[in-house]
Amino acid sequence: MIKKEGSFKYLEIKNISKNFGETFVLKNIHLDVFKGEFLCLLGPSGCGKTTLLRIISGLERQTNGDIVQDGLLISNSPTEKRDFGIVFQSYALFPNLNAKQNIAYGLENKKINKKEIEKRTNNLLRLVGLEKYSDQFPSQLSGGQQQRVALARAMALSPGLLLLDEPLSALDAQVRSKLRNEIKLIQKKLNLTTIMVTHDQTEALSMADRVVVMERGHIAQIGTPFELYENPITPFVADFIGKMNLLKGKYDKKNCVFYYLNNRFLISQNTEYSFLENCLLGIRPEDIEIIKFRKNIEKEENILRVKIKEITYLGTIFRLTVVLESKLEENIFVDVISNQVISNNLKIGDFIDIKLKKEKIKLFESNL
Amino acid sequence: MYFKKNFNKSFNILLLRILIIFVFILVSFFIIIPLLPLFLKSFSDNKNNFIGLENFINYIQNPSLTQSFINSLKVAITTTFFSVLIGFIYAYALTRTRLPLKKFFNTFSLFSLYIPPLAVAIGLIYIFGKQGLITQGFFGTIPGFDINLYGFNGIIIGEIFYCFPQALIILVSALNLSDQRLYEAAESLKASPLRKFLTITLPNIKYGLMNSFFICFILSFTDFGVPKVVGGNFNVLATDIYKQVVGQQNFAMGATISIYLLVPSILAFLIDKNFQKNEASLISGKSIPFKPRKNLIVDSIMFIFCSLILILVIGVFSSIVLASLIKIWPYDISLSLQNFRFSNVAGNGYEPYFNTVFMSIYTAIFGTIFVFFTAYLVEKFKPLKKIRMLIYFFSTLPIAIPGLVLGLSYILFFNKPSFSVPFLDFQIFNPFSLLYGTMGILVLANIIHFFTVCFISATTTLKQIDKEFEEVSESLKVPFYKTFLRITIPLSLPTILEIGSYYFVNSMITVSAIIFLYPAKIPVSSVSIVNMDDAGDTASAAAMSTLIVLTSLFVRLIYEFTSRNVSKKSSVWINPLET
Amino acid sequence: MKKLFSFVMGAAVIGTALAPSANAWWWGKKGSEKASITVYTALEDDQIPNYLKSFERDYPNIEVNIVRDSTGIVTAKLLAEAENPQADVVWGLAASSLLVANDRGLIQGYAPKGLSNVKPSFRDPAKNPSWVGIDSWISAFCVNKIEAQKNGLSIPKSWADLTKPEYKGHIVMSNPASSGTGYLSVASRLQNLPSEEDGWNYLDALHENIAQYMHSGSKPCKAAGKGEYPIGVSFGYRAVKQVNMGQPIEAVFPKEGSGWDVEANALIKKDKIKPAAKTFLDWAISPEVSREYAKSFAITAVETDVPLPKGFPSNPEKQLAKNDLQWAAVNRERILAEWAKRYDGKSAPK
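### Quick look at the overall build of chain B
(1) Moving on: Within chain B, the regular secondary structure consists of 23 helices and four strands.
(2) Moving on: Every one of the 579 residues in chain B was classed for burial, and the buried ones make up 61%.
(3) Moving on: Looking at chain B alone, contacts between residues at least 24 apart form 78% of all its contacts between residues at least 6 apart.
(4) Moving on: When the accessible area of chain B is evaluated, it comes to approximately 23400 Å², of which 69% is carbon and sulfur surface.

### Thoughts on the confidence of the model for chain C
Residue and element names in this part refer to chain C.
(1) Moving on: Taken residue by residue, chain C gives an average pLDDT of 85. The fraction at 70 or more is 89%.
(2) Moving on: Across residues 1–5 the pLDDT falls below 50, and counting only partners more than four positions away or on other chains, this stretch makes 10 contacts in the model.
(3) Moving on: Within the model, the stretch residues 346–350 combines pLDDT values under 50 with nine contacts to residues more than four positions away or in other chains.

### Considering the sheet that holds strand β11 (residues 245–252) of chain A
Sheet strands pair by backbone hydrogen bonding; their relative direction is either parallel or antiparallel.
All names here are of chain A.
(1) Moving on: Here we have five strands laid out as an open sheet, ordered β13-β12-β11-β14-β20, and antiparallel in their pairing. Strand pairing shows two members of the sheet lacking a second neighbour, β13 (263–266) and β20 (362–365), which therefore form its edges. Sheet twist, expressed as the average angle between the axes of neighbouring strands with direction ignored, equals 45°.
(2) Moving on: By the bridge criterion, four bridges tie strand β12 (residues 257–260) to β13 in an arrangement that is antiparallel.

### Section: the packing of helix α2 (residues 99–108) of chain A against helix α3 (residues 114–127) of chain A
All names here are of chain A.
(1) Moving on: Running from amino to carboxyl end, α2 crosses α3 at an angle of 135°, the nearest separation of the two axes being 10 Å. One finds that α2 runs oblique with respect to α3. As for how α2 packs across α3, the hand of that crossing is right-handed. Within the contact between the two elements, α2 uses Lys100, Ile103, Ala104, Leu107 and Glu108 and α3 uses Ile117, Glu118, Arg120, Thr121, Asn122, Leu124 and Leu125.
(2) Moving on: Here the contact of α2 with α3 is built from residues that sort into six nonpolar, two polar and four charged.

### Let's talk about the packing of aromatic side chains
Working definition: an aromatic ring pair is given by the centre-to-centre distance plus the angle between the planes.
(1) Moving on: Under the criterion given, the structure shown has 60 aromatic pairs over all chains.
(2) Moving on: A network of ring pairs unites the aromatic residues Phe29, Phe30, Phe370, Tyr392, Tyr410, Phe413, Phe414, Phe451 and Phe455 of chain B as a single cluster.

### Regarding empty space enclosed by the protein
(1) Moving on: Enumeration according to the criterion identifies nine cavities of 30 Å³ or more in this entry.
(2) Moving on: Considering only enclosed or pocket space, the second largest cavity measures out at about 160 Å³ in volume.
(3) Moving on: Taken together, 13 residues line the second largest cavity, and the ones lying closest to its centre are Ile125, Val229 and Asp533 of chain B together with Lys219 and Lys226 of chain C.
(4) Moving on: Listed by contribution, the elements that provide at least two residues to the lining of the second largest cavity are α6 (117–128) of chain B together with α9 (219–225) of chain C.
(5) Moving on: By residue class, the composition of the lining of the second largest cavity is seven nonpolar, one polar and five charged.

### A short note on the environment of Gly257 of chain C
(1) Moving on: With respect to the secondary-structure elements, Gly257 of chain C resides in the loop between β9 (249–252) and β10 (260–268).
(2) Moving on: With near-sequence residues (within four places) excluded, Gly257 of chain C lies in contact with Trp159, Arg189, Gln319 and Ala321 of chain C.

### Section: the pairing of strand β7 (residues 161–165) of chain A
Residue and element names in this part refer to chain A.
(1) Moving on: Taking burial as the measure, the five residues of β7 include five buried ones, the bulk of the element.
(2) Moving on: Alternating residues of β7 divide into Leu161, Leu163 and Asp165 and Leu162 and Leu164, and every residue in both groups is buried.
(3) Moving on: Looking at chain direction, strand β6 (residues 85–87) and β7 are connected through three bridges and run parallel. Note on β7: the bridge partner recorded for Ile86 is Leu163.
(4) Moving on: Direction of pairing for β7 relative to strand β8 (residues 193–198): parallel, over a ladder of five bridges.

### Quick notes on the pairing of strand β3 (residues 38–42) of chain A
A regular strand places its side chains on the two faces of the sheet in alternate fashion.
All names here are of chain A.
(1) Moving on: Most of β3 sits out of view: five of its five residues are buried.
(2) Moving on: The alternating pattern of β3 places Phe38, Cys40 and Leu42 on one face and Leu39 and Leu41 on the opposite face, and all of these are buried.
(3) Moving on: With five bridges joining them, β3 and β8 adopt parallel strand pairing. Across the sheet, the residue bridging to Leu39 is Ile195, located in β8.

### So, the interface of chain B and chain C
(1) Moving on: Counting residues at the interface gives 78 residues for chain B, matched by 73 residues for chain C.
(2) Moving on: Both sides of the chain B and chain C interface together cover about 6800 Å² of buried area, and 57% of this is carbon and sulfur.
(3) Moving on: Where chain B meets chain C, there are zero salt bridges.
(4) Moving on: On the surface where chain B and chain C come into contact, there are 11 residue pairs in polar contact (both at pLDDT 80 or more).
(5) Moving on: The element contributing the most residues to the side of chain B that touches chain C is helix α15 (residues 351–380) of chain B, with eight residues.
(6) Moving on: Its residues placed into classes, the side of chain B that touches chain C shows 44 nonpolar, 23 polar and 11 charged.

### Observations concerning the sheet that holds strand β15 (residues 288–290) of chain A
Residues and elements named next belong to chain A.
(1) Moving on: Within the open sheet, the five strands sit side by side as β15-β19-β16-β17-β18. Their pairing is antiparallel. One side of each edge strand has no neighbouring strand; the edge strands of this open sheet are β15 and β18 (327–337). Across the sheet, the axes of successive neighbouring strands diverge by a mean angle of 45°, strand direction being ignored.
(2) Moving on: In the sheet, β15 pairs with strand β19 (residues 351–356) via three bridges, with the strands oriented antiparallel. Within β19, the residue paired with Glu289 across the bridge is Lys355.

### Some details on the nonpolar core
The tendency in soluble globular proteins is for nonpolar side chains to be buried as a group.
(1) Moving on: Grouped together as the largest cluster of nonpolar side chains are 344 residues, with contacts concentrated most on Ile195 of chain A, Phe30, Tyr410, Leu442 and Phe516 of chain B together with Trp91 and Phe280 of chain C.
(2) Moving on: Here the element with the most residues in this core is helix α21 (residues 480–509) of chain B; it accounts for 15 residues.
(3) Moving on: If sequence neighbours within four positions are ignored, Leu442 of chain B has contacts with Met359, Ile514, Leu517, Tyr518, Pro519, Ile522 and Val524 of chain B.
(4) Moving on: Listed in part, the 29 residues of the second largest apolar core include Ile267, Ile283, Ile290 and Ile308 of chain A.

### As for the side chain of Thr97 of chain B
(1) Moving on: With respect to the helices, strands and loops of the structure, Thr97 of chain B is situated in the loop between α4 (63–96) and α5 (102–107).
(2) Moving on: Excluding its chain neighbours within four sequence positions, the residues that come into contact with Thr97 of chain B are Tyr92, Lys102, Pro292, Val298, Asp299 and Met302 of chain B.

### What to know about the state of the cysteines
(1) Moving on: Evaluated as defined, the whole model comprises one disulfide over all chains.
(2) Moving on: Covalently, Cys142 of chain C is tied to Cys221 of chain C through a disulfide, its sulfur atoms 1.7 Å apart. Looking down the S-S bond of the Cys142 of chain C and Cys221 of chain C bridge, the torsion is -90°, so its handedness is left-handed. Of the two residues, Cys142 of chain C sits in strand β5 (residues 132–144) while Cys221 of chain C sits in helix α9, which places them 79 residues apart along the sequence.
(3) Moving on: Free of any disulfide, Cys40 of chain A has its nearest neighbouring cysteine sulfur in Cys47 of chain A, separated by 12 Å.

### Concerning the packing of α2 of chain A against α21 of chain B
(1) Moving on: Running from N to C, α2 of chain A and α21 of chain B cross one another at 155°; their axes reach a closest spacing of 12 Å. Relative to α21 of chain B, the element α2 of chain A is oriented roughly antiparallel. As for the relative orientation of α2 of chain A and α21 of chain B, their crossing is right-handed in sense. Residue-level contacts link Gln101, Tyr105 and Glu108 of chain A of α2 of chain A to Lys482, Thr483, Arg486 and Ile487 of chain B of α21 of chain B.
(2) Moving on: Its residues assigned to classes, the contact of α2 of chain A with α21 of chain B comprises two nonpolar, two polar and three charged.

### Quick look at the domain arrangement of chain B
Residue and element names in this part refer to chain B.
(1) Moving on: What the domain assignment reports for chain B is domain 1 (11–35 + 345–579) and domain 2 (42–336).
(2) Moving on: For domain 1 versus domain 2, the separation of C-alpha centres amounts to 22 Å.
(3) Moving on: At the junction of the two partners, domain 1 supplies 42 residues and domain 2 supplies 47 residues.
(4) Moving on: For the pair domain 1 and domain 2, the summed buried area comes to about 3700 Å², and 76% of that belongs to carbon and sulfur atoms.
(5) Moving on: Together, Ile399, Ile509 and Val549 form the three largest contributors to the area buried by domain 1 at its contact with domain 2, with a combined 15%.
(6) Moving on: Elements supplying a minimum of two residues to the side of domain 1 that touches domain 2: α16 (385–396), α17 (403–414), α19 (451–464), α21, α22 (525–534) and α23 (538–574).
(7) Moving on: If you tally residues by element for the side of domain 1 that touches domain 2, the top one is α23, at 16 residues.
(8) Moving on: Within the side of domain 1 that touches domain 2, the residues separate by chemical class into 28 nonpolar, eight polar and six charged.

### With respect to a nonpolar patch on the surface
All names here are of chain B.
(1) Moving on: A cluster of nonpolar side chains, Phe81, Phe82 and Leu85, forms an exposed patch at the surface whose accessible area comes to about 280 Å².
(2) Moving on: By the secondary structure assignment, Phe81 is in helix α4.
(3) Moving on: Overall, Phe81 belongs to the partly exposed group, its relative accessible area being 48%.

Cut-offs and rules
Residues numbered from 1 in each chain as written. Chains lettered and ligands numbered in written order. Predicted model: local features only at pLDDT ≥ 70, side-chain atom pairs only at ≥ 80, totals over all residues. Heavy atoms only, no water. Helix = DSSP H or I, 4+ residues; strand = E, 2+ residues; numbered from the N terminus. Buried < 20%, exposed > 50% of the residue type's maximum accessible area, 1.4 Å probe, protein only. Contact = heavy atoms within 4.5 Å. Areas by Shrake-Rupley, 256 points an atom, 1.4 Å probe, with all protein chains shown as cover. pLDDT = per-residue confidence, 0-100. Pairing = 2+ DSSP bridges. Axes fitted to C-alpha atoms, helices over the stretch in contact; angles between N-to-C directions. Parallel < 35°, antiparallel > 145°, perpendicular 65-115°, else oblique. Left-handed = near helix turned anticlockwise from the far one by under 90°. Nonpolar A, V, L, I, M, F, W, Y, C, P; charged D, E, K, R; others polar. Phe/Tyr/Trp six-rings, centres within 6.5 Å; stacked < 30°, edge-to-face > 60°. 1 Å grid on protein atoms, 1.4 Å probe; cavity = no way out; pocket = protein on both sides within 12 Å on 5 of 7 lines; lining within 4 Å. Points joined across faces, edges and corners; volume = space filled by probe spheres on them. Buried area = accessible area lost by both parts, 1.4 Å probe. Salt bridge = Lys/Arg side-chain N within 4 Å of Asp/Glu carboxyl O. Polar contact = N/O pair within 3.5 Å; in protein donor to acceptor, adjacent residues only side chain to side chain. Core = buried A, V, L, I, M, F, W, Y, C linked by side-chain atoms within 4.5 Å. Disulfide = S-S within 2.5 Å. Domains from an automatic or database assignment. Patch = residues over 30% accessible without salt bridge, like charges linked within 9 Å, V, L, I, M, F, W, Y side chains within 5 Å.

Here it is in structure tokens:
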């Protein structure tokens, strides 16, 4: 985890906006990236994350705002004067150059002697584990190998900043998770400030030091993966990072009670919610317990009687989709460890009681 | 406060802007500005007095001239239909079937494009004319058959000869871009061959089809060579221009008719452009090329079809060769080679031939460089969007300009020693006038005359090359021109070669644009063919045509050889891993 | 990759090797120290070298660059280049075309040496004539004897014969709108019948028999020579030439007289008129070259002792029908408009 205080701000994005006529793609983005940090821009397609990356690289121009990199104002600098390396989703490897030539492409343009180029290229090939493939053309390499060539090429000029635009999305699951670790390792080894764009929350959570969740052109929340998961500040973030059940109801501030249909839930008093009556209750599936076989049910709080609509096997856990009899169209998800389901012989159509853990309940402002 | 390093100005972007503006100026001066005097002429009488729309009104009120307009439309529509149909079947046979002798059919597919239009007419007359082989039934051995060559029929046949290879070029490349997986998917759904054709093949090539419709329509609408020779009394707009300008020196009316000629061409252009806007790429970079399967019935039908087409083309060519060897057709059929010694007839022995070969080489080299570079600047970059769009528009115009009109407007523009500035008593030297009277003007006229087809083909290829290559290069601090030389050109080499050979063969046969332009010291063979034929030396004209055809064929063989080598090399870049 | 690159470079090197500035293909035949003049002409290609022999012998220091094309193209080129004339001299172009060019102010009057030898009707009467003739070309019919026989046609002897019903669909003629020869015939008919009205009536009747109006003066005769059509209305030199080539052609000079035009020379008006241009014009009407003209033309502007070429009528001057070149030039636009109204457009192929 990164210590924010005292860390060196390597990249400052100040009030960046991008619009085409009336349509805003990005609106007033503020963001600081620290030296050596691995930052993920995460969001659904169309949220502006790729545009932000391209503005940082200079491939696209912001309408407003400034960018400062390593103490230099680069807002209007052309791409080739900025200090970064980039890997595209498609890799964009030059098909008529072999792996080695692709990596050396940027070096050859600098006034470096051939031996030095050779040495650096070989180092990079070793770094990404492709020493044996230096003479292969991109079409002769597998997807993962191509990805590694693209990564090595992006790092060839030892840039201060590495930009990755959905670098893993074209790969199959196994290669992807392997490469995640490799990229992360290389990044840490070189202490290379890195910004990665992705729409895959697992990828973001597993790789990033900090994640920037973006929604419709603005930043929804910035934080470490843990912070985002544990303390999402909007229902969007809550549901985009992991899974969150959201129930719409009324909040009685005085008594710390939330009313959902005919049910009332006690809310932990640790947090002060400032907003008014109408709001959303959020609870993650794993924070709901099944209490079917417990006695003294009457004494327990935050109980709902529901009907099992669907059972999905997810390996170590089952995800149950349950509904209230009074509101059949609203699904509530409950994660239960597998043997509990098996031992209790839960079936679709069964009625069960579930309990929402009081201390895990969060309330969100309803934007409706 | 931050350091504000003074690196906001990028040399590369500046260079790029300068290049785009430079190309814009060139394209304007070579395509648009020469047309302006012509445009003005259409509003004035022959003494250069401004008379407004009078010429246009006179034209519409003259029933014989409006008849020509309708005739031109008829010719264009019929030609387009048959050219695209034949071009499509031939292209289909080359790309989607196991046609026997495919290499042979491929090499000779553009054969009819190598024959100068006048020679096509000579050949057609020898076969279908009143004394033609077929009309007379091979000297009376079999019953003859008269197709009434002179007039509509003759024009259509001649135009198809010229247009169908153009459609073929476009459709072959369209049909080559296919995805085997789509057909496999359709097969697994038990789709009938017809259904596969209608739902996969046709939609995939609709853009190519549209383009070939467009190009055939305009070429046949504006061509004048064929109607002049076999048109008989069937008047078309292009021959009307000839009558006005050459027969009566009525430039104003000639200019007026040219404007009318431009109208449908520009309409067709706009329709095509609009269509293009809706074009989405159906084929992704990861497509698997289609591999045709054996189908005895289809393959043999295709074989018969392609053979028939080639037999007709080679038949016409053979009769030209025959014409060059025969003493007096059809009365004294003794053979001799003396017609290949051009010393005692029109046009300075072999000099025009070599002039033409060099002119064509220059056109191929400079034209290919210019066209490809223009397409590259238009297609690959972001700055100066409006100017790039204008360059694109200008580049697609030349196809709508008939060669005759281009030639005349080039005289009017390039032979002007200076421009006068309006309202000021001031003259600016016209630097382009230095080209007049040199080979340069011929090369330039050819480059522009055939610009559009080459430009479209270059653009299509560049579109298929990942735009991110430029962005990656920028991020690697490699200037765009290095990437152009090291990546873009090698990847486009097959297309570049094709553009070069297209320029070459067209320059070998072209007459209409350069007949007004060729300088006294540089006679060219396509013009001397016209002159020899005029002087009654049909045999010599045929002999010269034979030489031209053989030269183009030779260049085509070099092209085939080179491009085969190139594609062997580049296959390793393009074809996916075979495992 | 390296190889590909070197291929591209190779192409570039070839390009430079062929580079425009360095070689003759760009500028044309290598120019020498000689004075050079550019001559536009519509004379037949195969005649030109014979004519030029004596010029090259007498003036070895003058280089002559010939641009030869059909009358229409040469005239169009002259007019299009009006702002910056390329030609120094026009040699053997139809006088009617030179009248048009003169009308646009493109011609400098010049009286060449030996002008007095030129017959008065063969020159512009002005003191410094804008055009001076060298020969006259006259209309004639080319009749293919074999095809005529095949079709059971008698050989037509006169303009009047051509309107006989038997020739229907067997006659081709130059289109007056695109060819000077065609106009020659039409203008002559209009001037040589009692009234212009009668002339048009004649052309109406002729139109009934015409299979095709062709876009060149020589083409009808060529078509006749190849047997495409038995009868072509063309011009005398052409007919005689094809007879001499061995084609089964009979050259018929119509009884009523032939239409005719003069092939003439002119000096092009430009800022710097080269002395060599005048030298050329002087030479072009010299007795020596006139003898050469006389070998192919029955009527020359300068009288010579050359015997009449084979195939022409014995008294060619008498063969000339009444023709006022000035009238023909002035009324051209009107006549062609009327002609087009009557016969063009409607004449879809039969």
